[in-house]
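Per-entry structural report
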Amino acid sequence: MSQLFKKNKIVIGINAYHADSAACLIVNGKLVAAIEEERINRIKHWSGFPFDAIKFCISQLDQKKNLNIDLVFNSSLSSRISNKFISLIKNPLLILRGVKSIKKNLSINRNLKKLFDLFPDIKFTVSHSEHHYCHIIYSYYASKFDECSFLSLDGFGDFKSSRWGYVNNGKFIFKGETRFPHSIGILYQAITQYLGFLNYGDEYKVMGMAAYGKNIYSDKIKKLIKYKYPASYELNLKYFSHHKSEFDYDWSSSNPNIPIIFNDKIIDLLGTPRLKNIKLTQNHYDIACSLQSVYTEILLKILIDIKSLTDSNKICISGGCALNSMANGECSNKNIFESFFIPASPGDSGGSIGAALSKFEKKSIDSESIHSAYTGMTYSNDLIIKEISSMIDDTEFSILHFNKSDDLTDHIANLLTKEKVIGWYQSSSEWGPRALGNRSIIVDPRMKDAKNLLNSKIKKRESFRPFAPSILYEHQEDWFISNVYSPYMSYVIKFKKNKRELVPPVCHVDGSGRLQSVTEKNNSRYHELINKFYKLTGVPILLNTSFNENEPIVNKPSEAIDCFLRTSMDVLVLNNYVIIRN
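So, here is what we can say about the structure in this document. (Residues numbered from 1 in each chain as written. Predicted model: local features only at pLDDT ≥ 70, side-chain atom pairs only at ≥ 80, totals over all residues. Heavy atoms only, no water.)

1. So, the packing of helix α10 (residues 282-310) against helix α11 (residues 325-333)
- For the pair α10 and α11, the least separation of the axes is 10 Å and the interaxial angle reads 45 degrees. Taken together, the axis directions place α10 and α11 in an arrangement best described as oblique. Here the hand of the crossing between α10 and α11 comes out right-handed. Between α10 and α11, the residues in contact are Q292, Y295, T296, L299, L300 and L303 and M326, A327, N328, E330 and C331, respectively. (Axes fitted to C-alpha atoms, helices over the stretch in contact; angles between N-to-C directions. Helix = DSSP H or I, 4+ residues; strand = E, 2+ residues; numbered from the N terminus. Parallel < 35°, antiparallel > 145°, perpendicular 65-115°, else oblique. Left-handed = near helix turned anticlockwise from the far one by under 90°. Contact = heavy atoms within 4.5 Å.)

Now the structure itself:
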């Protein structure tokens, strides 16, 4: 790697003091490393300063002295000030938030000083880039598109909830935006809280619930939000609290602390909110279904407006709302655009890559590296065997080593056909919220009781949540109604009717699957394993769920071993080593 850094432009992009804090390293336009802080410190959705992620990025540089490194944050102080000023005119009591913002900036400065003291031989310069621009530039460069439309859609960033436009001759042309306090992400978060899911990021649970419900509350949900041409929306603020002076997100603690966003008026509209741990009823499932329906309807209108006003055939979508894979699947099936692209980490952690990219010209960008989802930590076989020796009792477990990948995948494919639950740990950890075949638990998707087995003995999660199918992309059109390329599980697509009964644990109650398209190029060993399983069974799919148990996805080999030992997994694969319970 040393040749890479002789004449170089080194940039570290940072997402800090927002959920999923993260850092990435880009050198001369090539993405060298990217990781979320939670993968290292083991605190879910960590929202503080990403010291460990930054240190990991710097560790990837062979030379660590006499360097100049740009640090770029995915938020813009000037943008925040201008947008807050507009909001203050409308609501002067929001000045209290301005005081908290000053305190946050002082905290960033203190943490930067600690970082500078830690690396005295490195000269750092600090700058900022607007939040939604960071989302947009990351998705654009990762897409490998030339000219296209773009949409960034999330809760809030720099006092905006959306921005959209198009790219022409390498220039970003912004056509519209939605500003605080209006946000479709806030709507989804509010109803998620109403349904009793109070942790940050629980919206995916509501998506899983939606398939069990009926769309009977859409008219009531539409009283909360109104579509606004072009490509925007307005909340009915009488039902919400986030625009009040006493309301504030707390990003300073280790976990995001989100107050209740809706107010008591929602009880008159939808009834009494569900309390945490109270059993879900059909009414709750119907509300989830109706919310998802309204969200998808508005997203479709946004996309239709963008298409008509930009006349592009391709679009990049980013921001936290781009994680709504159900809506993504439905919208892609409407063929509004010929091509959709959603990056591996469209949410706020991914904004760190966009922040770093803002320092480079397009001609210097290595789009292949930006496209990759495998940018995290890698551990050698030497370290892995040391961890195995110290943590595994060889009287209780069999330990195998394979020199050839072909022999390893043959062995594991055979174990899968014997209904073994396998922890699959390979090479670099994934970037973004989903396990994509390097930190995964994998199972034969033909097992009828696999879902109950995984939920009761390993994952310990709600029964309504589906598991994902990893499928060989070359066979996708034989199994799904769409051949949309989905390497990051960005789309929920319906199985063909004649295939649904063949893979019950990865086919959701509505006949859909949040699929991962696997190619030899994007993950060669995982592709090889699924292909071996296909040759044995005629099914080109594996059940894939994240390698964890109510914690961030495992990162180190020791974390994988610890998770294996405290759960009922049958087999653990660590690179070329296989551990089997006797």
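2. So, the sheet that holds strand β2 (residues 22-27)
- Strand order across the open sheet formed by 5 strands is β3-β2-β1-β4-β5, with mixed pairing between neighbours. For this open sheet the edge positions go to β3 (30-36) and β5 (122-128), each flanked by a neighbour on one side alone. Across the sheet, the mean angle separating the axes of adjacent strands is 20 degrees when strand polarity is ignored.
- Relative to β2, strand β1 (residues 10-15) runs antiparallel, the two being bridged by 6 bridges. Counted as the bridge partner of G13 is C24 from β2.
- Docked against the sheet, helix α2 (residues 51-59) engages β1, β2, β3 and β5, running at close to 20 degrees with respect to β2. (Pairing = 2+ DSSP bridges.)

3. Concerning the packing of helix α15 (residues 405-417) against helix α18 (residues 524-537)
- Between α15 and α18, the shortest axis-to-axis distance is 9 Å and the interhelical angle comes to 50 degrees. Compared by their axis directions, α15 and α18 come out oblique. Both α15 and α18 take part in a crossing whose hand is right-handed. Between α15 and α18, the contacting residues are S405, D406, L408, T409, D410, I412, A413, N414, L416 and T417 on the first element and R525, E528, L529, K532, F533, L536 and T537 on the second.
- Of the residues in the contact of α15 with α18, the class split is 7 nonpolar, 5 polar and 5 charged. (Nonpolar A, V, L, I, M, F, W, Y, C, P; charged D, E, K, R; others polar.)

4. So, empty space enclosed by the protein
- This model, assessed by the stated rule, comprises 1 cavity of 30 Å³ or more.
- For the largest cavity, the calculated volume is near 40 Å³.
- Forming the boundary of the largest cavity are Q189, T192, Q193, F197, L198, N199, Y200, E203 and I258.
- With 3 residues, the top contributor of residues to the lining of the largest cavity is helix α6 (residues 184-194). (1 Å grid on protein atoms, 1.4 Å probe; cavity = no way out; pocket = protein on both sides within 12 Å on 5 of 7 lines; lining within 4 Å. Points joined across faces, edges and corners; volume = space filled by probe spheres on them.)

5. Description of a positive patch on the surface
- A cluster of basic residues, K220, K223, K238 and K265, forms a positive patch at the surface.
- Mapping K223 onto the fold places it in the loop between α8 (218-221) and β9 (225-228). (Patch = residues over 30% accessible without salt bridge, like charges linked within 9 Å, V, L, I, M, F, W, Y side chains within 5 Å. Areas by Shrake-Rupley, 256 points an atom, 1.4 Å probe, with all protein chains shown as cover. Salt bridge = Lys/Arg side-chain N within 4 Å of Asp/Glu carboxyl O. Lys, Arg positive; Asp, Glu negative; His and termini not counted. Charge placed at Lys NZ, Arg CZ, Asp CG, Glu CD.)

6. Focus: the pattern of salt bridges
- Taken as a whole and judged by the stated rule, the model has 26 salt bridges.
- Across the pair D202 and K205 runs a salt bridge whose closest N-O atoms are separated by 3.8 Å.
- Its relative accessible area of 12% is what places K205 among the buried residues.
- R446 is paired through a salt bridge with D444; the nearest N and O atoms lie 2.7 Å apart. (Buried < 20%, exposed > 50% of the residue type's maximum accessible area, 1.4 Å probe, protein only.)

7. Considering unusual backbone geometry
- Here the amide bond leading from F180 into P181 is cis, since omega sits at 10 degrees, within 30 degrees of zero.
- The topology assignment puts P181 in the loop between β8 (171-179) and α6.
- In this structure, the amide linkage connecting Y229 to the following residue, P230, adopts the cis form with an omega of -5 degrees.
- Tracing the backbone through its elements, the reader meets P230 in the loop between β9 and β10 (232-235).
- If you check the backbone angles, N169 has positive phi at about 55 degrees while not being a glycine.
- With respect to the helices, strands and loops of the structure, N169 is situated in the loop between β7 (160-168) and β8.

8. What to know about the side chain of E36
- Along the chain, the position of E36 falls in strand β3.
- A polar contact is formed between the side chain of E36 and the backbone nitrogen of G432, at a distance of 2.8 Å.
- The residues touching E36, leaving out its near neighbours within four places in the chain, are S21, A22, S345, S349, E430, W431, G432 and P433. (Polar contact = N/O pair within 3.5 Å; in protein donor to acceptor, adjacent residues only side chain to side chain.)

9. What about the layout of surface pockets?
- Considering only enclosed or pocket space, the second largest pocket measures out at about 660 Å³ in volume.
- Lining the second largest pocket are 35 residues, with E368, H371, S372, Y488 and N522 sitting closest to its centre.
- Elements supplying a minimum of two residues to the lining of the second largest pocket: β3, β12 (339-341) and α13 (367-371).

Bear in mind that shape data such as this cannot, by itself, settle questions of function.
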